Amino acid sequence: MIQRQKGCNDIFGREAKVWKYIDHVIDDLMIRYNYNYIRTPIFEATELFHRGVGETTDIVKKESYDFEDKGGRNITLRPEGTAGVVRAFIENKMYGDPNQPVKVYYNGTMYRYERPQAGRDRELTQFGMEILGSDDPLSDAEIISAAVTLYQELGLKEIKVNLNSLGDNESREAYRNALIDYFKPHIKDLCEDCQERLEKNPLRILDCKVDQENDLLKKAPKTLDYLNEESRDRFEKVQEFLDTMQIEYTIDPNIVRGLDYYNHTVFEIEAKVEGFGSNNVLGGGGRYNGLVNQLDGPETPCVGFATGIGRLAMAIELEKVKLPLIESIDLFLLYVNEDEKKYAAYLAQELRKYGFIVETEYTGRGLKAQFKQADRLNAKFTCVLNSEDLDNNEVKIKNNQTKEEEIISLDVLAYYLSENIMDEEGGCQCGDDCHCEETCDCGCQEGKECTCGDDCHCGENCDCGCQEGKECTCGDDCHCGENCDCGCQEGKECTCGDDCHCGESCHCHDK
Ligand code: HAM
């Protein structure tokens, strides 16, 4: 049997639902912070990462997936997203866009040849966001606030922002010299790699995985003591903005980050979740003002952040966050003979177009086993399609919770489902006990202000059409809400000519 590669994962079942939910929250958050999605290639020229991330970093030196392609080019699977975004920024001349700064986010797989363990994979998925073209401390604070908000909206209660500054080039140089002076007399106490790092890149000694517990590292000089006045002022401004935004943080002078491109602000965010273990850093980032220029672009100050989706999913599950995952279907269509099966195919197609989650039988099971399957799928309703009923344009529908059965006209099936599923669900399904009713993936939460100006309680995405307490505007005193040109009129005959009550071309009962 061929097995998956070490450090790679198959994400399926509940875990896949959690991942998709995280993606959804990310997309929603990024809209609100006004970041545009960017998709860059998974492989790039090896040189990009050597020059961008740094020759002496572990990521490049030890963990890089390098290969030569059939054309003899040196290729590397991206270990992180920032270098690729910067390459795209330069190559596509985004710096010339009048709309500055450029704010982008990505969500994709990265590759690091690490020793696999919980929360440390060889194929990992990262969500990251970058602001290119702003040196304003407000942009550092915005990146941190967006990261914190993401974790909070995903239900993580105890998160900790650890903040530090590496300062500008002058401060970094002063710090580098201090590190060399400090480590030189103790060079023999360092691992072989660190001995090499001492002259080339002493900062990398501080995040050495081998020497991590060495007391020498713990007592090493701290970056903050080597910041010049300008860098100190800048760091204070970042903190002021975080205070204004009510984002809590702790100054941690030990944070230097494992990539070479950083200057000024650096930060890591941890989650305090029982059982999360030592890899409790959910994400990290910082400012990288020199990278665009280093990769042959114009001087462009940038700041960014990335988080591992795998670690995030693990934290959410360990915290037992109640997520609004779809774990039921609206309707299961059961049948016995071929004619009924055809009708099941037709009905499933029609109802899915209306927005219902519909399932039917594909494996030739008998009726009893089909009922069992409907239960396994948590079907809210079941319909046994029986030829005799169908000839009469009728269908028997059963509410799986109350076990009540009704025979209804096929013409009103969609209407029946929308009415009864609403009743069943009693409104919000998002687990936040809000009143948004219709499409509860909108992230609306009770107590939040409605933004649609209609004084309803549906929360954020007020394009849902709900208007609490509002009169119908079609003049017919119906309760269909917004789209009152649809012709549906409660208690009245449908005007679409199909003798139904929902009106075929109306969307007011769509989910
Ligand atoms: P990083 O700290 O190397 O930063 O990675 C960010 C996050 O990716 C980590 O905090 C972790 O959640 C996740 N991660 C990293 N390696 C692994 C792994 N082997 N397995 C699972 N998850 C992992 C960066 O990559 C920078 N590009 C962040 C950044 C963006 N800085 C500025 N802009």
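Residues numbered from 1 in each chain as written. Predicted model: local features only at pLDDT ≥ 70, side-chain atom pairs only at ≥ 80, totals over all residues. Heavy atoms only, no water.

S.K.: Which parts of the structure should I look at to understand the overall build of the protein?
M.R.: Helices and strands together make up the secondary structure of the protein, namely 15 helices and 16 strands. Put simply, the protein has 511 residues, and 49% of those count as buried. Long-range contacts, defined here as pairs at least 24 residues apart, represent 65% of the contacts in the protein between residues at least 6 apart. Here the protein has roughly 26,500 Å² of accessible surface; of this, 46% comes from carbon and sulfur atoms. (Helix = DSSP H or I, 4+ residues; strand = E, 2+ residues; numbered from the N terminus. Buried < 20%, exposed > 50% of the residue type's maximum accessible area, 1.4 Å probe, protein only. Contact = heavy atoms within 4.5 Å. Areas by Shrake-Rupley, 256 points an atom, 1.4 Å probe, with all protein chains shown as cover.)

S.K.: What should I look at first to understand the sheet that holds strand β4 (residues 74-77) in this one?
M.R.: Across a sheet, strands are paired by hydrogen bonds formed along the backbone, either parallel or antiparallel in direction. The strand order across the open sheet formed by three strands is β2-β4-β3, and the pairing between neighbours is antiparallel. Sheet topology places β2 (43-45) and β3 (65-68) at the edges, where each strand pairs with a single neighbour. Mean inter-strand twist for the sheet, computed between neighbouring axes without regard to direction, equals 35°. For β3 and β4, the ladder comprises four bridges, and the chain directions are antiparallel. Each residue of the ladder has a partner; that of Phe67, found in β4, is Ile75. (Pairing = 2+ DSSP bridges. Axes fitted to C-alpha atoms, helices over the stretch in contact; angles between N-to-C directions.)

S.K.: Mind showing me how you'd approach the site of the ligand here?
M.R.: Taken together, 27 residues lie near the ligand, and Glu80, Glu114, Asp121, Tyr262 and Leu282 sit nearest. Contact between the ligand and Arg257: an oxygen atom at 2.9 Å from a side-chain N or O atom of the residue. The backbone of Gly308 places a nitrogen or oxygen atom 3.0 Å from an oxygen atom of the ligand. Considered on its own, the ligand offers 650 Å² of accessible surface; in the complex 95% of this is hidden by protein. Elements with a contribution of two residues or more to the shell around the ligand: β6 (123-132), β10 (281-287) and β11 (302-308). Top element by residues in the shell around the ligand is β10. It accounts for six residues. Per-class residue counts for the shell around the ligand are ten nonpolar, nine polar and eight charged. (Near = heavy atom within 4 Å. Polar contact = N/O pair within 3.5 Å; in protein donor to acceptor, adjacent residues only side chain to side chain. Nonpolar A, V, L, I, M, F, W, Y, C, P; charged D, E, K, R; others polar.)

S.K.: Can you help me understand a negative patch on the surface in this one?
M.R.: On the surface, Glu170, Glu229, Glu230, Asp233, Glu236, Glu240 and Asp243 cluster together into a negatively charged patch. A per-element tally of the negative patch places helix α9 (residues 229-244) first, with six residues. Relative to the assigned elements, Glu240 resides in helix α9. (Patch = residues over 30% accessible without salt bridge, like charges linked within 9 Å, V, L, I, M, F, W, Y side chains within 5 Å. Salt bridge = Lys/Arg side-chain N within 4 Å of Asp/Glu carboxyl O. Lys, Arg positive; Asp, Glu negative; His and termini not counted. Charge placed at Lys NZ, Arg CZ, Asp CG, Glu CD.)

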